[in-house]
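Residues per chain, in single letters:
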Amino acid sequence: MQIRSLLKQIVLTTLALVLAIGCSRTTPDIISSPEADPSNFKVALVTVGSKDDNSWSQACFEGLTLIQDKFNAQVDFTGNIADEDSEAAIRKYAQAGYNLIIAASGGYPPAAEKVAKEFPRTKFALVTTYPGNNKNLGAVAFRSGEAGYLTGTLAAMKTKTNRVGYMVGAPYPVYIEEEALFRRGVEATNPAVEASTAFLGTWTDTAKATQVAMEMVDSGVDILVINADEAGLAALKAVTQKPGVSVIGWAKDQHELAPGKVLTSVLQDIPNLVLNAAVLTQQGRWEGKLYKFGLKEKIYDFAPFRGTLTPQEEAAFKAVREAVTTGKIDVSP
Amino acid sequence: MNKQRNDGALSPARGFLPDSWRRLFSIANQLRYGLVFLVLLSLLPAGELLIHLSFQAQLQQSRLLQKERSLAAAGQVDNYLDDLKRKLSYLARVKGLTNFQPQAQQSLLEGLTRHNDAYEAVAIVNRNGQIVTSVSSDVPLKLENIATSPLFIRVFKQQEDYVSPVEIDPQTQQLTTILAVPIRNEQDEVDGVLLARVNLNFLWFIVSQTNIGKSGYVYIVDERNFLIAEKGSQPETFQLQDLSDRPFFQTLVESTNSAQLNVYQGLRQVEVLGASTFVRSVNWHVVVEQPTSEAYAPVYQLLSVMGGALVFVTIATVGVGFLFIRQIIIPLQRLTTAAIALSAGQLETRVQVHSQNELGTLATAFNHMAVQLEGSIEAVEVERNFVAAILETAGALVVVLDPQGQIVRFNRACEQITHYSFSEVNGCYIWDLFLNADSTEQAKAKFESFQAGNFPQQYEGSWITKEGQIRFISWSDTALLDEQGSVEYIVKTGIDITERKQAEEELIASEQRLSLLFHQTSLAVMEWNLDYKIVSWNLAAEKIFGYTADEMIGHNAVKFLVPEPLQTEVDQIMRNLQKQNRWRV
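The structure presented is a predicted model; accordingly, all values stated were derived computationally and were not measured.

(A) Layout of the overall build of chain B. When you go through chain B residue by residue, the secondary structure sums to 19 helices and 19 strands. Contacts in chain B between residues at least 24 apart in sequence constitute 49% of all its contacts with a sequence separation of at least 6.

As structure tokens, then:
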């Protein structure tokens, strides 16, 4: 009887313990949150390319996704809008009551200016260098002079032929500033180095980009900065076949395209650049002016050098970068 | 009989495994180990999974807690700075500020310093980089070469807001930074710079008020990766430190938005659980670090509680299981031991099992079977003893042979006749002991005939005793067959006829001698039976009485040989003799 009583007690105790553990309140998972209803913050994005072009438009679309995630915003996207069609696209969103309309092209300012004047309560953001209307039309842009100056510095530091090159897709103001600072960076680093620059007028014409790049190389350029999207990729692959020629890539880390031949790549955090427009709008700080972002804000950065620079060169570049970031070196256009 | 019982005794299951392995795989051990294995297989993985999930959840909670702390601290920093910047931004949007009268500008700037004592000094710089209006709460503002400074270039030329790197004011030993914004003229064009030198004393308040447990701390890193404030440091003695080369810092900054745990050697060279939040308005990082020894304390406490609970549940489960198994194993062991003892001949063995389950029924059946077996064995033993006694005491010879002719039983009559004891002849071939050379082959042939099924057989034979004497025996042999019908034993039963044989031979000799005397004697010899009929009549009688044997045999002797007057008397004598059962005259 004693054993039975003992057994009964043990069984009951064990069951109670198991039930206590099993029925204990589970820790709420505070990582996941229930799907909330969208907020009344409505954001639209208009781009020149598609949202999966693996380039500028896709990066801007990723910025729109960030806005949606951060603010639980209602978002919409219209891609493949040429400059001449942009006014209708922007107006459509303004009429639909969107709070912020982002026009992500250097060719959209005229259209944006016109529509912004018609809808003063709507905020318009251009993703390019644009001074703004001091009211409801502003812009977010790269502090492109920083990247231009530093790539010029790097190219002048590494050239052996004293000839360096820079090519970019379109002569938008942002790239005109970048080209000018490239030249200034080259000159500041080594006045004996001659800089060749070219505005391709296309982001997609691979043949033209390759031809221009090869002409530069044939003229003696051994360090070439290429910022030309899809067209630039073909040029990069072509010129790196030439012995002694290295490139500085753009937008993404392009080391894999030509290992050992890519000194570094200028990394652009376009999604966060686009996000900044929404953040300022949400804070009520969208003042219709140009907001620039660069190295300081980590919108720009450089891919790892992977041994393409000596420690001394790397230290020297770091010092110049520090001076540019803190404003000690004037990178104003 | 006991020997036979022991030979058939049960032993633990025999096989190719050694004893140690057989014990290992006994049912009792299989139940025990099976239970332990079952518990380990089910409870432990489930418990470990539960603990692992709880551990991960706790770690995640710890990480989120650190992240929340850094977010809260960063939020305070951002709010404070934003408040300072908003005042400047407002003035930056005022059209024509640069064209205001100096007194009006002075009043606006003084309003700032009166509004918040973080504004150490405020000034308006014209497009040539010259200070046109300035207000300071304590130390006058002194700036050199403004026109070529990064501040002026960034604000005036590039028309951007500007936040200078954090510095320690050599006069006040306070952390300071300069906020600057472009200001506009009446044409709404950028025409000057509004700058404010602000002290960052609020940072010390924020870092000191942020509670990170007992040993945790918070610190702030600016965009140059300089340490600008740290909990526990004294503002008066604090020095800016470059953290760029500290290996942990880059990892921490890169993982700002990561959901992974950030465990690393922290600022104070101890392993910490860290979280960093980026203050976007000034590009600073607010870092919260808590030594893992403290951050994980709740996790380890949870682990110890859950581990203890798991161990307790495991032990309790195994213990309860063992108690249940014990209810099976002990009766089973008792049954096994009893079965072995029973098979070893201990017929009095009984099992003491009081269970009401199948094992109780089995034990009861076993005891009943043992009782029946004991009774049967005792009855068989009585019968056997009775038969053995008969065999031992009988005058007849009884020899039992195996199919090879070896002696397996040899009763006392055999011992008395042959003067061999059973122990001497046990296992010996019968023809090697008791038969002479002539009869050995005959005996073997007879044996073979038994194998062929020719039994029973009766015959007379002879044995040679231990002393070499011949004994004549009348045998009656038969065979006992096994279940397959083969000869298992041959039973020889014999009667010693040696004396009879001798008497018969002596009688024959006596008859031969009497016959010789009967025929050669000169005396008349006649013989008649009780009816006086003459049955024999020798030659001398023929000569004396003149009658031949053929003539006299069968005739009444009294009538022939006794005179008539005497015949009555002779009859009387013969009757008297018959009455007195005396046959001789």
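What follows continues from the structure just given.
(B) Geometry of the overall build of chain A. Secondary structure assignment for chain A yields 10 helices and 12 strands. Put simply, chain A has 333 residues, and 47% of those count as buried.

(C) Main features of unusual backbone geometry. The linkage connecting B:Phe455 with the following residue, B:Pro456, adopts the cis geometry, with an omega of 0°. Tracing the chain through its elements places B:Pro456 in the loop between α14 (437–451) and β15 (457–464). One non-glycine residue with positive phi stands out, namely A:Ala251, at about 75°. Its location among the elements puts A:Ala251 in strand β9 (residues 246–251). A residue is classified by how many C-beta atoms lie within 10 Å of it, and A:Ala251, with 19 of them, is partly exposed. In the Ramachandran plot, B:Asn283 falls in the positive-phi region, its phi being about 60° despite a non-glycine side chain. Relative to the helices and strands, B:Asn283 is located in the loop between β11 (271–279) and β12 (284–291). Owing to 17 C-beta atoms within 10 Å, B:Asn283 belongs among the partly exposed residues under this scheme.

(D) Here's a closer look at the packing of helix α2 (residues 56–71) of chain A against helix α9 (residues 270–282) of chain A. Residues and elements named next belong to chain A. Here α2 crosses α9 at 40°, and the two axes come no closer than 7 Å. In terms of axis orientation, α2 runs oblique to α9. When you trace α2 past α9, the crossing you get is right-handed. On the side of α2, the interface is formed by Ala59, Cys60, Glu62, Gly63, Leu64, Leu66, Ile67, Lys70 and Phe71, while α9 contributes Ile270, Pro271, Leu273, Val274, Leu275, Ala278 and Gln282. In the contact of α2 with α9, the residues fall into 12 nonpolar, 2 polar and 2 charged.

(E) Spatial organisation of the sheet that holds β12(B). All names here are of chain B. The 6 strands lie next to each other as β9-β8-β7-β12-β11-β10, forming an open sheet whose pairing is antiparallel. Of all strands in the sheet, those bounded by a partner on one side alone are β9 (241–242) and β10 (263–265). This element, helix α3 (residues 27–92), spans β7 (217–221), β11 and β12 of the sheet and lies at about 40° to β11. The strands that helix α6 (residues 201–209) touches are β7 and β8 (226–230); relative to β8, the one it contacts most, it runs at about 65°.

(F) Spatial organisation of the nonpolar core. Counting 96 residues, the largest nonpolar core has A:Ile102 and A:Leu224 as its most contacted members. Here this core gets 7 residues from one element, more than from any other, and that element is helix α5 (residues 144–158) of chain A. Both domains that furnish three or more residues to this core are identified here as domain 1 (42–143 + 271–293) and domain 2 (144–267 + 300–326) of chain A. Residue contacts for A:Ile102: discarding those within four places in its chain leaves A:Val43, A:Ala44, A:Leu45, A:Ala125, A:Val127, A:Val274 and A:Ala277. Listed in part, the 63 residues of the second largest apolar core include B:Val163, B:Leu179, B:Phe202 and B:Ala229.

(G) Layout of helix α6 (residues 173–189) of chain A. All names here are of chain A. Taking 1.5 Å of rise per residue, 17 residues should cover 24 Å, and α6 covers 24 Å from first to last C-alpha, within 8% of that figure. What α6 keeps buried is the set Val174, Tyr175, Glu177, Glu178, Glu179, Leu181, Phe182, Arg184, Gly185, Val186 and Thr189. Taken together, the buried residues of α6 touch β5 (137–142), α5, β6 (163–168), β7 (194–199) and β8 (223–227).

(H) View of the confidence of the model for chain A. In this model, chain A carries an average pLDDT of 87, and 89% of its residues clear a pLDDT of 70 or more. Across residues 19–34 of chain A the pLDDT falls below 50, and counting only partners more than four positions away or on other chains, this stretch makes 4 contacts in the model.

(I) Here's a closer look at the packing of helix α7 (residues 206–218) of chain A against helix α8 (residues 229–239) of chain A. All names here are of chain A. Following both chains from N to C, one finds α7 and α8 inclined at 40°, their axes separated by 8 Å at the closest point. Classified by the angle their axes make, α7 and α8 are oblique. In this structure, the crossing between α7 and α8 has a hand that is right-handed. Counted together, Thr206, Lys208, Ala209, Thr210, Ala213, Met214 and Val217 of α7 and Glu230, Ala231, Gly232, Ala234, Ala235, Ala238 and Val239 of α8 form the full contact between these two elements. Within the contact of α7 with α8, the residues separate by chemical class into 9 nonpolar, 3 polar and 2 charged.

(J) Highlighting the sheet that holds strand β13 (residues 397–401) of chain B. Residues and elements named next belong to chain B. Read from one edge of the open sheet, 5 strands run β14-β13-β17-β16-β15, paired in antiparallel fashion. Edge positions in the sheet fall to β14 (407–410) and β15, since each of these pairs with one other strand and no more. The average undirected angle you get between the axes of adjacent strands in this sheet is 30°.

(K) Up close: the pairing of strand β4 (residues 123–126) of chain A. All names here are of chain A. A two-sided burial pattern is seen for β4, the buried positions comprising Lys123 and Ala125 on one face and Phe124 and Leu126 on the other. By the bridge criterion, 4 bridges tie strand β3 (residues 100–104) to β4 in an arrangement that is parallel. Opposite Ala103, over in β4, you have Leu126 as the bridge partner. Where β4 meets β5, 3 bridges bridge the pair, whose relative direction is parallel. Considered in β5, the bridge of Phe124 is made with Leu137.

(L) Region of interest: the confidence of the model for chain B. Residue and element names in this part refer to chain B. Model confidence for chain B is summarised by a mean pLDDT of 83, while 94% of its residues fall at 70 or above. Every residue in residues 1–8 scores below 50 in pLDDT, and together they form 7 contacts with partners more than four places removed in sequence or on other chains. In the model output, the complex is listed with pTM 0.60 alongside ipTM 0.70.

(M) Structural detail: the environment of A:Arg306. By the secondary structure assignment, A:Arg306 is in the loop between β12 (300–302) and α10 (311–326). Accessibility expressed as a C-beta count within 10 Å gives 13 for A:Arg306, which makes it partly exposed.

(N) Region of interest: the environment of B:Glu358. With respect to the secondary-structure elements, B:Glu358 resides in helix α10 (residues 358–393). For the pair formed by B:Glu358 and B:Ile328, sequence separation is 30 residues and the distance between their alpha carbons is 9.8 Å.

(O) Structural view of the pairing of strand β2 (residues 74–78) of chain A. Residues and elements named next belong to chain A. Of the pairings in the sheet, the one linking strand β1 (residues 42–47) to β2 comprises 5 bridges and is parallel in character. Counted as the bridge partner of Leu45 is Phe77 from β2. In this view, the connection linking β1 to its parallel neighbour β2 by way of α2 has right-handed handedness.

(P) Broad picture of α10(B). Residues and elements named next belong to chain B. Helix length check: α10 (36 residues) gives 51 Å between terminal C-alpha atoms against 52 Å at 1.5 Å per residue, within 8%. All of the buried residues along α10 are Leu359, Ala363, Phe366 and Ala370. Where the residues of α10 are buried, they touch α9 (297–343).

(Q) Geometry of the environment of B:Gln61. Structurally, the position occupied by B:Gln61 is in helix α3. Expressed as a C-alpha distance, the spacing of B:Gln61 and B:Val299, which sit 238 residues apart in the sequence, is 9.6 Å.

Basis of the calculations
- For every chain, the first residue of its written sequence is number 1, and the numbers climb from 1 along that sequence.
- To read the labels, note that chains go from A and ligands from 1, taken in the order they are written.
- Per-residue local features of the predicted model are confined to residues with pLDDT of at least 70, and side-chain atom pairs are confined, for both listing and counting, to 80 or more; whole-chain, interface and lining totals are unaffected and use all residues.
- Numbering of helices and strands starts at the N terminus; helices are DSSP runs of H or I of at least 4 residues and strands are runs of E of at least 2.
- By the criterion used throughout, residues are in contact when their C-beta atoms, derived from the backbone, lie within 7 Å.
- To sort residues by exposure, count the other C-beta atoms lying within 10 Å of each residue's C-beta; 20 or more gives buried, 12 or fewer gives exposed, and values between give partly exposed, all with C-beta atoms placed from the backbone.
- Here the axes come from fitting lines to C-alpha atoms, over the contacting stretch only for helices, and the angles between their N-to-C directions go from 0 to 180 degrees.
- Oblique is the label for any angle not covered by the other classes, which are roughly parallel (under 35 degrees), roughly antiparallel (over 145) and roughly perpendicular (65 to 115).
- We call a crossing left-handed when the near helix sits turned anticlockwise from the far one by less than a right angle, and right-handed when that turn is clockwise.
- Only Asp, Glu, Lys and Arg are considered charged in this grouping, and only Ala, Val, Leu, Ile, Met, Phe, Trp, Tyr, Cys and Pro are considered nonpolar; every other residue, Gly among them, is considered polar.
- Note on pairing: two strands pair once DSSP finds at least 2 bridges between them.
- Buried Ala, Val, Leu, Ile, Met, Phe, Trp, Tyr and Cys residues whose C-beta atoms connect them within 7 Å together make up a nonpolar core.
- An automatic or database domain assignment provides the domain bounds reported here.
- A helix is expected to span 1.5 Å multiplied by its residue count minus one.
- Across the chain, each position has a pLDDT score giving the predictor's confidence in that residue, from 0 to 100.
- Handedness is read with the strands pointing away from the viewer; a crossover is right-handed when the path from the first strand over the helix to the second is clockwise.

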